[in-house]
Amino acid sequence: MKLDLFAVCLLAALPLLAAAQEHHKQPKPADQRETTPAPESPASAPRPLDSAPLEIVREKAPGEKANFQLCSGDEVVFVVLRRGLPVQNARVRLITQQGWAKDTLTDAHGRARFQLIRDYFPPWGEFNKWARHTFLVVAETAAPDAGNIQDSSDTNGPNRATLSDSYYPSPKDYSSYAWGLGIVLLVAAFGGTSVYLYRRRRVKPFKEVAFHEGQ
Amino acid sequence: MKANRPALAALRAAVNGVDLNRFRFWVQLASFAFFLYGGYAAVNLGSHLPLFACVYNRVGTAGAGAGVCYLMPLQLQLARPWNTLFTGASLFILTGLGIFMLWFLALNKAWCGFVCPLGTIQDWLTALRRFVRIRYSVYTQSQFDWLKKIKYLLLALAVLIPLGIGNGYITRELRAPICQICPGRVLLPLFSGDYSHWNIDFTSTTTVVMTALGVLITGLFLVGAFVKKRFYCFFCPMSAFLFLLSKPALLRLKKDGSKCTRCGDCYRVCDMQIKAIADDVVTADIMADDCTLCLKCVAACPETGALKVKYAGLTIFEATETGFIKRCQKEHCRANASR
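### Here we look at the overall build of chain A
Then step 1. Each helix and strand in chain A was counted, giving 3 helices and 11 strands.
Then step 2. Counted from the first residue to the last, chain A has its helices and strands arranged as α-β-β-β-β-β-β-β-β-β-β-α-β-α.
Then step 3. Looking at chain A residue by residue over its 215 residues, the buried ones come to 13%.
Then step 4. Across chain A, every contact between residues at least 6 apart in sequence was considered, and the portion connecting residues at least 24 apart equals 62%.

Right under this line is the structure:
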């Protein structure tokens, strides 16, 4: 019996552990964020890549799985690489479909962070949770070496790279956990009380029945 | 060969005297862990399983535990225009049904009694109720007869609504309607730390109604399963679907009416309140539509050979007097130990 109880308790504790793990994966607020990145595996570590003078790579979000979708409100991190190595102080601009833009500079590891703003405000009756919005990221660095523009050499202009991606409205914009939990609690409380009252109503007070066989 | 016979008889006696409740508890626990967390070990048994291992439990490499309930693919596959439904383009629906049948034939409705994670949660809630010493509820026979029809209605909706969607009569927001209102969608992802299915979606009237129904039924499930054994199994459309297909299944529950004394022990232990298991002394194939093949009735039967479990015609577990006494003694010892 004790072993049974232990096994069930262990299994019941797993959701809490899993939830704690999920919580651990959430991005931290800006003031608590680590400035040094976690050690990278040799496969993903920056390495010289002569074929890519300047490129932008979106970093995977914590806990990102297949069919991942960026949503408004998410923090998105881009790494700017020159010939495969991170570039510090590159100017990175994010421009949304509606024209909102924000500039930032890359840090020592070539990272630029943005929070995707909510950029979709239709009348509520026309709200579409699958509305896909694009954004464009432009990274710009001073040119370290000559390039070619229209078959002529160019040494003055900056190097630019662009990357486009898309995002969806955040589930927080159209769904409510509090309502869901409220309904479950209400049903559980109402159901539990109903069963209790039903059972109490059916309890019959004790009555002693006496037989007097002689009468 | 002769030397093997005593060994075989000893094995049969050991199996027939097994503490079934304890055995079932461990099988259920192992199945629960396997189907909910098997994805972490890259196990993927596909999406045609006859049990409520939920597609929304996004775990591991497969992204959905060790396997997925067939109702979701069935509903999605049926959402096709009628003119393509009976053509070669819809052959994959038959293929899916075939794979589902192969899984199902192996265990019949023991998928419900031994493997289904939602059934296991209900049994744990029952154990909790017993632990806090609250008595269980039962339905009256008329309530029972009325309620058992609901699962067939839900099964019909699981087929008809997708067909309506495929032909544009019903909004696509109602796709996989049974999954939207299933408590498995809300409860099973909890075990991997995903609380997102407790949300009410306010994007349209349909989504508000369906998500609210989903959490409302979850609330009823929790209360119901606490006071009534296997509460949700009365309404489970998968249970109805399995019963409709159960004729060729390999695992069978058999009754020999001539050995039955109608003592009613089997009825008293039945979580599903199936009266026919005690009353019917004529039918040999005794499995009713609500039966979960938990085999408690066989374990509780004191008449040797009155109830039998057969697999492909071979008796694998049967009621025996000695087995019954052995289980009673164990139960008695356990009750004394817990006092």
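Moving on, there is more to tell.
### What about the domain arrangement of chain B?
All names here are of chain B.
Then step 1. What the domain assignment reports for chain B is domain 1 (21-242) and domain 2 (250-338).
Then step 2. A separation of 27 Å is found between the C-alpha centroids of domain 1 and domain 2.
Then step 3. With 20 residues of domain 1 at the interface, the matching set in domain 2 holds 13 residues.
Then step 4. Those elements that provide at least two residues to the side of domain 1 that touches domain 2 are helix 5 (91-107), helix 6 (110-115) and helix 13 (237-244).
Then step 5. The residue inventory of the side of domain 1 that touches domain 2, partitioned by class, reads 11 nonpolar, 4 polar and 5 charged.

### A short note on the sheet that holds strand 5 (residues 101-105) of chain A
The pairing of strands in a sheet happens through backbone hydrogen bonds and is either parallel or antiparallel.
Residue and element names in this part refer to chain A.
Then step 1. Here 4 strands make up an open sheet; going across it, the order is 5-4-7-10 and the pairing antiparallel. For this open sheet the edge positions go to strand 5 and strand 10 (159-167), each flanked by a neighbour on one side alone. On average, each strand axis in the sheet is tilted by 20° relative to the strand beside it, whichever way the strands run.
Then step 2. As paired strands, strand 4 (residues 91-96) and strand 7 (residues 133-141) are joined by 6 bridges and run antiparallel to one another. Opposite Arg91, over in strand 7, you have Glu140 as the bridge partner.

### Looking at the nonpolar core
Residue and element names in this part refer to chain B.
Then step 1. Formed by 92 residues in total, the largest nonpolar core has its most connected members in Cys69, Leu71, Leu293, Cys297, Val298 and Cys301.
Then step 2. Here this core gets 8 residues from one element, more than from any other, and that element is helix 12 (residues 205-227).
Then step 3. Counting the residues that make up this core, at least three belong to each of domain 1 (21-242) and domain 2 (250-338).
Then step 4. With residues near it in sequence (within four places) discarded, Cys297 still touches Cys266, Val269, Cys270, Ile277 and Leu307.

### Overview of the sheet that holds strand 4 (residues 314-318) of chain B
All names here are of chain B.
Then step 1. Overall, antiparallel pairing links the 3 strands, which are arranged 2-3-4 in an open sheet. Across the chains shown, the open sheet's two edge strands, defined by having one partner strand only, are strand 2 (251-255) and strand 4. On average, each strand axis in the sheet is inclined to that of its neighbour by 35°, with strand direction left out of account.
Then step 2. Pairing between strand 2 and strand 3 (residues 307-311): 5 bridges, direction antiparallel. Residue pairing in the sheet places Lys255 in a bridge with Leu307 of strand 3.

### Section: helix 13 of chain B
Then step 1. Among the 8 residues of helix 13 of chain B, 7 are classified as buried, and the element is accordingly described as predominantly covered.
Then step 2. All of the buried residues along helix 13 of chain B are Pro237, Met238, Ser239, Ala240, Phe241, Leu242 and Phe243 of chain B.

### Regarding the packing of helix 3 (residues 71-78) of chain B against helix 5 of chain B
Residues and elements named next belong to chain B.
Then step 1. Across the interface, helix 3 lies against helix 5 with an axial gap of 10 Å and an inter-helix angle of 165°. Between helix 3 and helix 5, the crossing angle belongs to the class labelled roughly antiparallel. With respect to the hand of their crossing, helix 3 and helix 5 are arranged in left-handed fashion. Residues Pro73, Leu74, Gln77 and Leu78 of helix 3 touch helix 5, and the partners they reach there are Phe92, Ile93 and Gly96.
Then step 2. When the residues that make up the contact of helix 3 with helix 5 are grouped by side-chain class, the tally is 5 nonpolar, 2 polar and no charged.

### What about the packing of helix 9 (residues 150-166) of chain B against helix 13 of chain B?
All names here are of chain B.
Then step 1. The geometry of helix 9 relative to helix 13 is characterised by a closest axis approach of 8 Å and an angle of 90° between their N-to-C directions. With respect to helix 13, the axis of helix 9 lies roughly perpendicular. Two secondary-structure elements touch here, helix 9 through Lys151, Tyr152, Leu154, Leu155 and Ala158 and helix 13 through Pro237, Ser239, Ala240 and Phe241.
Then step 2. Grouping the constituent residues of the contact of helix 9 with helix 13 by class yields 7 nonpolar, 1 polar and 1 charged.

What counts as what
Residues numbered from 1 in each chain as written. Chains lettered and ligands numbered in written order. Predicted model: local features only at pLDDT ≥ 70, side-chain atom pairs only at ≥ 80, totals over all residues. Helix = DSSP H or I, 4+ residues; strand = E, 2+ residues; numbered from the N terminus. Buried ≥ 20, exposed ≤ 12 C-beta atoms within 10 Å, placed from the backbone. Contact = placed C-beta atoms within 7 Å. Domains from an automatic or database assignment. Nonpolar A, V, L, I, M, F, W, Y, C, P; charged D, E, K, R; others polar. Pairing = 2+ DSSP bridges. Axes fitted to C-alpha atoms, helices over the stretch in contact; angles between N-to-C directions. Core = buried A, V, L, I, M, F, W, Y, C linked by C-beta atoms within 7 Å. Parallel < 35°, antiparallel > 145°, perpendicular 65-115°, else oblique. Left-handed = near helix turned anticlockwise from the far one by under 90°.

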